[in-house]
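# Coordinates in review
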Number of protein chains: 4
Amino acid sequence: MSSSYGENIRLSIFGESHSPSVGMVLEGIRAGEKLDSDKLLRFLARRAPGTREYSTARREADAPVFLSGIKNGVFTGTPVCAVIQNTDTRSSDYEQLKRVPRPGHADYTAQIKYFGHQDSAGGGHFSGRLTAPMCVAGGILIQLLENEGIRIFSRIYSIGGILDTGTLDAPTADKAFPTVNDEKGAQMLALIAEKRAAGDSVGGVIEVCAKNLPAGLGDPMFDGMENRIARAVFAIPAVKGIEFGSGFAGANSCGSENNDAFYSDNGRIYTKTNNAGGILGGITNGMDLTFRAAVKPTPSIALPQDSIDMQTCEKAVLSVQGRHDPCIVPRAVPCMEAACALAVYDALLGRRKETHP
Amino acid sequence: MSSSYGENIRLSIFGESHSPSVGMVLEGIRAGEKLDSDKLLRFLARRAPGTREYSTARREADAPVFLSGIKNGVFTGTPVCAVIQNTDTRSSDYEQLKRVPRPGHADYTAQIKYFGHQDSAGGGHFSGRLTAPMCVAGGILIQLLENEGIRIFSRIYSIGGILDTGTLDAPTADKAFPTVNDEKGAQMLALIAEKRAAGDSVGGVIEVCAKNLPAGLGDPMFDGMENRIARAVFAIPAVKGIEFGSGFAGANSCGSENNDAFYSDNGRIYTKTNNAGGILGGITNGMDLTFRAAVKPTPSIALPQDSIDMQTCEKAVLSVQGRHDPCIVPRAVPCMEAACALAVYDALLGRRKETHP
Amino acid sequence: MSSSYGENIRLSIFGESHSPSVGMVLEGIRAGEKLDSDKLLRFLARRAPGTREYSTARREADAPVFLSGIKNGVFTGTPVCAVIQNTDTRSSDYEQLKRVPRPGHADYTAQIKYFGHQDSAGGGHFSGRLTAPMCVAGGILIQLLENEGIRIFSRIYSIGGILDTGTLDAPTADKAFPTVNDEKGAQMLALIAEKRAAGDSVGGVIEVCAKNLPAGLGDPMFDGMENRIARAVFAIPAVKGIEFGSGFAGANSCGSENNDAFYSDNGRIYTKTNNAGGILGGITNGMDLTFRAAVKPTPSIALPQDSIDMQTCEKAVLSVQGRHDPCIVPRAVPCMEAACALAVYDALLGRRKETHP
Amino acid sequence: MSSSYGENIRLSIFGESHSPSVGMVLEGIRAGEKLDSDKLLRFLARRAPGTREYSTARREADAPVFLSGIKNGVFTGTPVCAVIQNTDTRSSDYEQLKRVPRPGHADYTAQIKYFGHQDSAGGGHFSGRLTAPMCVAGGILIQLLENEGIRIFSRIYSIGGILDTGTLDAPTADKAFPTVNDEKGAQMLALIAEKRAAGDSVGGVIEVCAKNLPAGLGDPMFDGMENRIARAVFAIPAVKGIEFGSGFAGANSCGSENNDAFYSDNGRIYTKTNNAGGILGGITNGMDLTFRAAVKPTPSIALPQDSIDMQTCEKAVLSVQGRHDPCIVPRAVPCMEAACALAVYDALLGRRKETHP
């Protein structure tokens, strides 16, 4: 079902950008696990709007209220529901879009799919706002994974063609801008500011790393780690591509270059390189799991664009005002970690069925 | 579940490379639909081994035998089971691999996941052989989609860095080599022959197009067309990346470049460009659905590679003999179409629940 | 997943008896369907506590607040979330039960399953309170089914061995007590009052009828109508049995008695009797779908019962005070209709995939 | 999906009575588990036709051939496919039934559901023959459960109103007729012979017991043990009712009678009675899990019955000749155990996710 994820956990996400709330129901957290609320809020703050110059001016506390499944900070084992109120909504910004769909946005396809009954304000169910409950779920699972020694972190790999340099082997979350190379980060910020000033937008690529995964997670064929992660990551609006390990570049290389030779150290087996991104046959091999996701430029831009009036089928020129991020990539960074955590935690639960009597 | 796919159809794939058979069970085909067996066999022949110089010498008829769900060429509406016998297996080729895993292959992770109980001969359940039943399912669905005017076709987009040119707007299946530009195809074939001679292998990228899809297929969030297609495509061994429309390149562009402007013609709405690959918000917009998948170079190569003996944890040098494709890309082409058909047909059935009283 | 239901719709139910709210997320309602809120509230009032002499004194408005998926009374097509606040909770009533489980209640098994971390107040996630969100979902679907001419209604078939008489062929919902024979209903009420006075409780059987179903709903084997309805009905606490049509009595009869002979009238096919309860091979035959569900007596009773102290493993005598229904059967009546509606609506959506091009 | 079962295992069943084979695919068996083939064949022999006087004369070896997922008697961890050939089929027996549906059988509903494209010979996908692959799956799981000390066994509780006496606390499988009281069994056999002679049939009730289950299996609401078992049991053709523990009788009793008082012995907690059938709140309490299922009389009888010709809508009188069991109950006994094993094993795997780190 569309807004549900998981085989061993079950996540349901609901809400529209301007409905009373957005929220999520998450089943499958073991009774007795603890939640560090402050840590969750810090995680959510990373995707919250209005906190940095490159993001929309819409400001909302985005603090989740838990309605069930947790008591005194301890999960009870039953479904966890958390809601986030939508308080700062200006539906009038969207009056024009009811008839004239934004190029590159889901306005048009939502109109077709829902026969015009969708709640179109703010992008409705297709709004980036829906990543807030996804980050609540992901933020919880990231904590549970950390309890088992597993770390998930990420960086901006490129924006508008500017590539970060260096290797992602530690979190960038505490930095002012989440790149490994701060100078490259500054260049990216400058480019974003330039695009904002021009009424335009820009996209980029995010890289994610999951460290300390045990070997043996995931399943062959349709439930490999790539399948699971891709299914979660493409739920984030604007994602149009994903690659694992050496990905597209590796595909154009030779086997002798792309294969990762095995070696052992102290009785544990490693690979010398990690072109596989930690996944062979869909199953983790104990090396870092790495992937990169392509995030398209924000479709809502001030520059005039050709569209059509869906009622009259006549041409219409659109200049999107409202409050929109000139670059969604920085706010998408924690969402990628959340999506990765969904897939990893689900696979970890699945693995328990195999390893335990 | 790992080897199952679908929400409105249900596909289960079973078998190991050297088990008595590989096969599939497919539920959800409407009673009364007809099968053109010859057409299915022609489709399956495109992935069959042994028919062309760039593929393995293993030869098998690969003709599916239907055990249920079809009578006199008409589907009965109940689960369809088809099996393909494994006749030409030489398990002795694989004796060494039981202890020394091939770099880049699932030998190692299968050993971990199944505690050494896997049927390792020929790659077992991880073998490319498992794409045969996937192509049976996909080949059936491609026929059903064609009955509704939907065409799915593809081409080799690149091999070893050699890029095809031209636009994919018609099938390449009847060509000697499935590129748009035959000269580029010849260069790719030459490169494959060169790698084979060198005991090496090479990978590439495949592009797929689904034409004449109605707007409105797919669902938001976790069941968007990207999610559905990615889940199916990553089931094909060796796939390490996927991108839709302008994909990674589009991610590094500006909104003013990447957005697809709308226009209308004769009361129908189109976009001037198709950087979205026919998908907005996870839902088809009526333009061609396009994606590219990265296929890594075949890991089994004759060149010596470093590995380890899993029993002794000592270093071992491996030179894979056996019969292996120096480039799996050409045989993966119909598999991509099959995977796409799974996702599209499933979404089409889902859409019926919304459009009909 | 435990608290989720459905293949073509997806219902997730969350909440504990004394958590901030109980609620539900329902996916799969077609965009454009309308909600009659007053009708929904009247439906919910039938299961609400505190309204009649035979029920608990706990009083709550039980009015659902919709957080998403509906705008101006029209469903938007995206997931619908509704919550009901838990306002009138007295957790102190439950202090003793944390250690001494009520015989016949889930206190003990919850303790085992959740390792003592469950929210035990009021029965937690096992409380009859969780049928409130189930009735929100069911109440919505009953309206949608009525729009297609399908009626779901029910009656109390027996309480404490007192059997209703007459045939269920029209709703009993508007009656003071939902039996066909009012005199029998009065006897049942007298028995309930007697058991309440004695500090005891009593159970009974509910009969449900779904009228005007098209033939052809449901699927063979694991998704027959019996399977679907049973899965939904056993989600209602205290249900311990279900039978369709002639059920257990029919099982002890002969084929010549139990078979329903066919006849036709005006080109439509009927059966002379309906021992099949409208279901053959799991699939509706166009006759009334009928089933009966066994509801055990409320386990929480004032009479002293033997239990154990789970900490000390010593014997403890329990007399449950709190506010508890001496007979849950009347309030379970709308829950049965809700469960039936879940199954029927899901099957109806599934049937659309088969009947439409 | 209709012919699939399970959350932690996944069973797909395929085949028609007269298709080349019936069979099953079962995912989720842990690598390294062993199969005792002889034991499986003995289990299957209990449902095989033609072995006893009360069953049909159709004779088939019913020996499953494994196509995947097992090697040298050890499960590999990947999907297990087993097929059983349909060798002894006489389709001519069914010519008349294509137009004139048998009262009480799925002939009519299959015609509606599949628009006349179903394989109607022998009941097609609705045939009792489909319980053979279900028993293959169940027979495997029963062995795995026995390895963990869990026993599943059953008895005929009643046939045609003749009740067995005594308590079900040990298997009856090795008896000539599976009742506790042999005299009652002899009376049942005499009744079956009488009905056969009269061209009629008779139904009955089967009781199942699962012993030594750990407390804590199952989940609240839609995945309680009752829900899971009911979903599996109603997949067996002719089942029209199910009750757990004291069931319908308990429903008409008082709380003070029906509640099972707790006591402890040597630090373990028990109940004095077991009216709950080992399940509280959907979750096992460590007592015997018990249920009874109502099996209707075989609809195919020689006595003339009123039906209609579906093409002309004219009245037709039907006397079913062919080979049919006058009482399906004895052969349904192992099917009940198989269905129970599916539910229990699935719940056991689910529990591993909660109990293990």
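Heads up: these notes are all about the structure in this document. Keep in mind that what you see is a predicted model, and the values were worked out from it rather than measured.

Calculation criteria
Residues numbered from 1 in each chain as written. Chains lettered and ligands numbered in written order. Predicted model: local features only at pLDDT ≥ 70, side-chain atom pairs only at ≥ 80, totals over all residues. Helix = DSSP H or I, 4+ residues; strand = E, 2+ residues; numbered from the N terminus. Rg over C-alpha atoms; globule rule 2.2 N^0.38 Å. Buried ≥ 20, exposed ≤ 12 C-beta atoms within 10 Å, placed from the backbone. Contact = placed C-beta atoms within 7 Å. Least-squares fit on C-alpha atoms with pLDDT ≥ 70 in both. Axes fitted to C-alpha atoms, helices over the stretch in contact; angles between N-to-C directions. Parallel < 35°, antiparallel > 145°, perpendicular 65-115°, else oblique. Left-handed = near helix turned anticlockwise from the far one by under 90°. Nonpolar A, V, L, I, M, F, W, Y, C, P; charged D, E, K, R; others polar. Pairing = 2+ DSSP bridges. Expected span 1.5 Å × (residues − 1).

### Observations regarding the overall build of chain A
The secondary structure content of chain A amounts to 8 helices and 18 strands. A compact globule built from 357 residues should have a C-alpha radius of gyration of about 21 Å, and chain A, at 21 Å, falls within 12% of that. C-alpha atoms of chain A, sized along the principal axes, occupy 70 × 50 × 35 Å. For chain A, buried positions account for 66% of its 357 residues. Intrachain contacts of chain A at a sequence separation of at least 6 include 68% that bridge at least 24 residues.

### Let's talk about the relation of the copies chain B and chain A
When chain B is fitted to chain A, the best match, at an RMSD of 0.0 Å, comes from turning it 180 degrees and sliding it 0.0 Å along the axis. Those values place the two copies in the arrangement expected of a two-fold rotation axis. Both copies present the same face, since 100% of the interface residues in chain B are matched by interface residues at the equivalent positions in chain A.

### Quick look at the packing of helix H3 (residues 131-147) of chain D against helix H8 (residues 329-355) of chain D
All names here are of chain D. Taken N-terminus to C-terminus, the directions of H3 and H8 make an angle of 55 degrees; their axes are 8 Å apart at the nearest point. One finds that H3 runs oblique with respect to H8. Read as a crossing pair, H3 and H8 show a hand that is left-handed. Here H3 contributes Thr 131, Met 134, Cys 135, Ala 137, Gly 138, Gly 139, Leu 141, Ile 142, Leu 144 and Leu 145 to the contact with H8, which in turn contributes Pro 334, Cys 335, Glu 337, Ala 338, Ala 339, Ala 341, Leu 342, Val 344 and Tyr 345. Partitioned by chemical class, the residues of the contact of H3 with H8 number 15 nonpolar, 3 polar and 1 charged.

### A look at unusual backbone geometry
The phi torsion of most residues other than glycine is negative, and most of the peptide bonds are trans. Its identity as a non-glycine residue notwithstanding, B:Phe115 has a phi of 55 degrees, on the positive side. With respect to the element layout, B:Phe115 can be found in the loop between helix H2 (107-113) and helix H3 (131-147). The exposure class assigned to B:Phe115 is partly exposed, which follows from the 14 C-beta atoms found within 10 Å. One non-glycine residue, D:Ala238, lies in the positive phi region at around 85 degrees.

### What about the sheet that holds strand S3 (residues 21-27) of chain A?
The pairing of strands in a sheet comes from backbone hydrogen bonds and takes either a parallel or an antiparallel form. Residue and element names in this part refer to chain A. Read across the sheet, 5 strands follow the order S1-S2-S3-S7-S4 without closing on themselves; strand pairing throughout is antiparallel. The open sheet has two free edges, formed respectively by strand S1 (4-5) and strand S4 (65-68), since each of these has just one partner strand. Summarising the sheet, S4 and strand S7 (residues 80-85) pair through 3 bridges and their orientation is antiparallel. Across the sheet, residue Ser 68 finds its bridge partner in S7, namely Cys 81.

### Focus on the environment of D:Ser256
By secondary structure assignment, the location of D:Ser256 is in helix H7 (residues 255-258). Since 20 C-beta atoms lie within 10 Å of it, D:Ser256 is described here as buried. Those residues in contact with D:Ser256 that sit more than four places away from it in its chain are C:Asp200, C:Ile301 and C:Leu303.

### Notes on the interface of chain A and chain C
With 37 residues of chain A in contact, the opposing surface of chain C contributes 37 residues. Secondary structure elements with two or more residues in the side of chain A that touches chain C: strand S2 (10-15), S3, S4 and S7 of chain A. Grouping the amino acids of the side of chain A that touches chain C by side-chain chemistry returns 12 nonpolar, 19 polar and 6 charged.

### Things to note about the interface of chain B and chain A
Think of interface size as the accessible area that goes away when the parts come together; that is how it is often given. Across the contact, 86 residues belong to chain B and 86 residues belong to chain A. Taken together, the residues of the side of chain B that touches chain A sort by class into 40 nonpolar, 33 polar and 13 charged.

### Considerations on the environment of B:Leu349
Tracing the backbone through its elements, the reader meets B:Leu349 in helix H8 (residues 329-355). As a C-alpha pair, B:Leu349 and B:Thr273 span 76 residues in sequence and 28 Å in three-dimensional space. With residues up to four places along the chain from it excluded, the contact list for B:Leu349 reads B:Asn8, B:Ile9, B:Gly28 and C:Lys353.

### A few points about the sheet that holds strand S11 (residues 239-244) of chain A
The 10 strands lie next to each other as S9(A)-S8(A)-S10(A)-S16(A)-S11(A)-S11(B)-S16(B)-S10(B)-S8(B)-S9(B), forming an open sheet whose pairing is antiparallel. Of all the strands in the sheet, the pair left with one neighbour each is strand S9 (162-163) of chain A together with strand S9 (162-163) of chain B.

### Some remarks on the relation of the copies chain A and chain C
In this structure, two copies of a chain are linked by a rotation about an axis accompanied by a shift along it. Between chain A and chain C, which share one sequence, the superposing operator has a rotation angle of 180 degrees and an axial displacement of 0.0 Å; the RMSD is 0.0 Å. Comparing contact sets, 100% of the residues at the interface of chain A also lie at the interface in chain C, consistent with an isologous, same-surface contact.

### Structural notes on helix H3 (residues 131-147) of chain A
Since the α-helix packs 3.6 residues into each turn, any two residues three or four apart lie on the same face. With 17 residues, H3(A) extends 24 Å between its outermost C-alpha atoms, agreeing within 8% with the 24 Å of an ideal straight helix rising 1.5 Å per residue. Just downstream of H3(A) lies A:Gly149, where phi reads positive at about 90 degrees.

### Quick word on the pairing of strand S17 (residues 305-308) of chain C
All names here are of chain C. Summarising the sheet, S17 and strand S18 (residues 315-318) pair through 4 bridges and their orientation is antiparallel. If you follow Asp 306 over to S18, its bridge partner there is Val 317. Between S17 and S18, which pair antiparallel in sequence order, lie 6 residues; one of them, Cys 313, sits at a positive phi of approximately 60 degrees.

### Re the environment of D:Asn275
Residue and element names in this part refer to chain D. Within the fold, Asn 275 resides in the loop between strand S13 (268-271) and strand S14 (279-280). In this structure Asn 275 comes out as buried when scored by C-beta crowding, with 23 C-beta atoms within 10 Å. Setting aside chain neighbours within four positions, we find Asn 275 in contact with Gly 245, Ser 246, Gly 250, Asn 258 and Asp 260.

### Description of the packing of helix H8 (residues 329-355) of chain A against H8(D)
Closest axis-to-axis distance for the H8(A)/H8(D) pair is 8 Å, and the angle between their directions is 115 degrees. When the axes of H8(A) and H8(D) are compared, the pair comes out roughly perpendicular. When the axes of H8(A) and H8(D) are compared, the crossing they make is right-handed. Each of A:Leu349, A:Arg352 and A:Lys353 in H8(A) lies in contact with H8(D), whose residues at this interface are D:Leu349, D:Arg352 and D:Lys353.

### Describing the pairing of strand S2 (residues 10-15) of chain B
Residue and element names in this part refer to chain B. Burial analysis of S2 places 6 of its 6 residues in the buried class, the great majority of the element. Neither face of S2 is left uncovered, since the one carrying Arg 10, Ser 12 and Phe 14 and the one carrying Leu 11, Ile 13 and Gly 15 both have all their residues buried. Here strand S1 (residues 4-5) pairs with S2 via 2 bridges, running antiparallel. Note on S2: the bridge partner recorded for Tyr 5 is Leu 11. The hairpin turn running from S1 into S2, its antiparallel successor, is 4 residues long, and Gly 6 in that turn takes a positive phi close to 115 degrees.

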